[in-house]
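# Architecture and fold: a report
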Amino acid sequence: EELELCEKALQDFLDTKRVAFPRFYFVAPADLLDILSKGTNPQLIIRHLPKCFDTVSNLEFKPDDKGEPSKMAIGMYSKEKEYVKFAGDCSCDGPVETWLQTVVDSMRKGLSSEFKKAIPEYEEQERKTWLFNNSVQMTVAVSRVYFTSEINEAMEALEDGNDEAL
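Definitions and cut-offs
Residues numbered from 1 in each chain as written. Predicted model: local features only at pLDDT ≥ 70, side-chain atom pairs only at ≥ 80, totals over all residues. Heavy atoms only, no water. Helix = DSSP H or I, 4+ residues; strand = E, 2+ residues; numbered from the N terminus. Buried < 20%, exposed > 50% of the residue type's maximum accessible area, 1.4 Å probe, protein only. Contact = heavy atoms within 4.5 Å. Areas by Shrake-Rupley, 256 points an atom, 1.4 Å probe, with all protein chains shown as cover. Lys, Arg positive; Asp, Glu negative; His and termini not counted. Charge placed at Lys NZ, Arg CZ, Asp CG, Glu CD. Disulfide = S-S within 2.5 Å. Phe/Tyr/Trp six-rings, centres within 6.5 Å; stacked < 30°, edge-to-face > 60°. Core = buried A, V, L, I, M, F, W, Y, C linked by side-chain atoms within 4.5 Å. Patch = residues over 30% accessible without salt bridge, like charges linked within 9 Å, V, L, I, M, F, W, Y side chains within 5 Å. Salt bridge = Lys/Arg side-chain N within 4 Å of Asp/Glu carboxyl O. Axes fitted to C-alpha atoms, helices over the stretch in contact; angles between N-to-C directions. Parallel < 35°, antiparallel > 145°, perpendicular 65-115°, else oblique. Left-handed = near helix turned anticlockwise from the far one by under 90°.

Let's shift gears to the overall build of the protein. Each helix and strand counted, the protein has seven helices and three strands in total. Secondary structure elements of the protein, listed N to C terminal, follow the sequence α-α-α-α-β-β-β-α-α-α. Principal axes of the C-alpha set define a box for the protein whose edges measure 80 × 45 × 20 Å. For the protein, the proportion of its 166 residues judged to be buried stands at 33%. Within the protein, contacts between residues at least 6 apart in sequence are counted, and of these 31% link residues at least 24 apart. Surface summary for the protein: the accessible area is close to 10800 Å², and the carbon and sulfur share equals 54%. Of the charged side chains in the protein, 20 are positive and 31 negative, and the gap between their average positions amounts to 7 Å.

This paragraph deals with the state of the cysteines. Per the stated rule, a full pass over the model turns up zero disulfides. In this model C52 remains outside any disulfide bridge; the closest cysteine sulfur is found in C92, 13 Å from its own. The class of C52 is buried, set by a relative accessible area of 9%.

Attention shifts here to the packing of aromatic side chains. Where two aromatic rings form a pair, the distance of their centres and the angle of their planes describe that pair. Scanning the entire structure with this criterion turns up five aromatic pairs. Between F21 and F24, the ring centres sit 4.9 Å apart and the planes meet at 70°, which makes this aromatic pair edge-to-face. Relative accessible area serves as the criterion here: at 0%, F24 is assigned to the buried category. Here Y122 and W130 contribute two aromatic rings whose centre-to-centre distance is 4.9 Å and whose plane-to-plane angle is 90°, an arrangement assigned as edge-to-face. Every member of this aromatic cluster is reached through a ring pair, and the members are F21, F24 and F53.

Phi is positive for T55, which is not a glycine, with a value near 70°. The topology assignment puts T55 in the loop between α4 (49-52) and β1 (56-63). Of note in this structure, K81 is not a glycine but carries a positive phi near 70°. By the element assignment, K81 lies in the loop between β2 (69-78) and β3 (83-91). Among the residues examined, K81 registers a relative accessible area of 64% and is labelled exposed.

This part is about the nonpolar core. With 33 residues, the main nonpolar core has F24, F53, L59, M76 and L100 as its most contacted residues. Within the residue set of this core, elements represented by two or more residues are α2 (29-37), α4, β1, β2, β3, α5 (96-124) and α7 (136-159). The greatest single-element share of this core, amounting to eight residues, is contributed by α5. Those residues in contact with L59 that sit more than four places away from it in its chain are I46, L49, A73, G75, M76, F86 and V103.

The subject of this paragraph is a negative patch on the surface. A cluster of acidic residues, E123, E124, E150, E153, E156, E159 and D160, forms a negative patch on the protein surface. Counting residues per element, the ones that place at least two in the negative patch are α5 and α7. Its location among the elements puts E123 in helix α5. For E123, a relative accessible area of 62% puts it in the exposed group.

Take the packing of α5 against α7 next. Relative orientation of the contacting elements α5 and α7 amounts to 55°, with a least axis distance of 10 Å. When the axis of α5 is compared with that of α7, the two are oblique. The two elements α5 and α7 cross, and the hand of that crossing is right-handed. Residues L111, E114, F115, A118, I119, Y122 and E123 of α5 form the contact with α7, whose own contacting residues are Q137, M138, A141, V142, S143, V145 and Y146.

Structurally, R23 is set in the loop between α1 (2-20) and α2. A C-alpha to C-alpha distance of 39 Å links R23 and E124, two positions 101 residues apart in sequence. Residues in contact with R23, not counting those within four places in the same chain, are C52, F53 and V104.

Here is the structure:
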């Protein structure tokens, strides 16, 4: 009976953490317990990032005075070692479910910042140079934006009587 009570209490505790950070729903209970028990040390959580974030394998941390990684993340790496810089510093301090949400927000801001930079560069740079200067996710997104824009222009030209617009 006591074991069942403990298991129920543990499950309730894990459920409250999953509600606080919904990506925990995709993490096995044993891994979630490891994350929660080591949550104040971001360096120990890194190995669990792929379980919470598709294709994110690591974070880059600002070095402290001794040259050791601090709790301030400045960018993220994909499984393919592609790097995206955050738009600003990301504090990985406090409850793990809180700072992981801060990481999500920093990821979004970093990608948004890269998107705003990549849009004007699309027409300014040679395509091959532009491709290698941006992350894959960004090249796909910006290429689709321009493709859609060019198709819309072609459709308008087609409506205006240009039979060869497409």
